[in-house]
Amino acid sequence: MKPLLLVALCCVSACTWVQLESSGTQVRVVASDEPLTHCAFKGEITTTVTNRVAGIERNSIKVADELETLARNEAADLGANVIQPQGQPVAGEQRFTAHHCR
């Protein structure tokens, strides 16, 4: 029974639970050190996802992808077309700034 549970947890930990909304497709991600000239600041975004399932650490790349996807979706709601990470993900949380650039 335990091997089956382990296989199920491994499969779940690899799943992506966050989907990019159509408005989020219009938001691009820039490097944290990229200068944002000709951009208007729209706000700060903090995203959070589950980084552990049943005590098992989820794939860090999947977690980072989901955090970015959530930020892109939220940035679109703010009228932004660019997000910039303000650091690396920590314990399933990451901060971004949102901007509207020409």
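Refer to the structure printed above.
Keep in mind the model is a prediction, meaning the values are calculated, not measured.

(A) Quick peek at the overall build of the chain. Scanning the chain from terminus to terminus reveals two helices and six strands. Residues classed as buried in the chain amount to 32% of the 102 residues present. Counted over contacts in the chain with a minimum sequence separation of 6, partners at least 24 positions apart contribute 68%. Accessible surface, the chain: about 6,400 Å² in total, of which carbon and sulfur atoms supply 55%.

(B) Highlighting the nonpolar core. Core analysis: the largest hydrophobic core is formed by eight residues, namely Val27, Ile45, Ala71, Ala75, Ala80, Ile83, Phe96 and Ala98. Elements that contribute at least two residues to this core include exactly helix 2 (60-77) and strand 6 (93-101). Excluding residues within four positions of it along the chain, Ala71 makes contact with Ile45, Thr47, Ile83 and Phe96.

(C) Structural view of the state of the cysteines. Taken as a whole and assessed by the stated rule, the structure comprises one disulfide. Bridging Cys39 to Cys101, the disulfide has an S-S length of 1.9 Å. Measuring handedness by torsion sign, the sulfur bridge of Cys39 and Cys101 sits at about 110° and is right-handed. Here the residue Cys39 occupies a position in strand 2 (residues 39-48), and Cys101 occupies one in strand 6, the gap between them amounting to 62 residues. Among the residues examined, Cys101 registers a relative accessible area of 7% and is labelled buried.

Calculation notes
Residues numbered from 1 in each chain as written. Predicted model: local features only at pLDDT ≥ 70, side-chain atom pairs only at ≥ 80, totals over all residues. Heavy atoms only, no water. Helix = DSSP H or I, 4+ residues; strand = E, 2+ residues; numbered from the N terminus. Buried < 20%, exposed > 50% of the residue type's maximum accessible area, 1.4 Å probe, protein only. Contact = heavy atoms within 4.5 Å. Areas by Shrake-Rupley, 256 points an atom, 1.4 Å probe, with all protein chains shown as cover. Core = buried A, V, L, I, M, F, W, Y, C linked by side-chain atoms within 4.5 Å. Disulfide = S-S within 2.5 Å.

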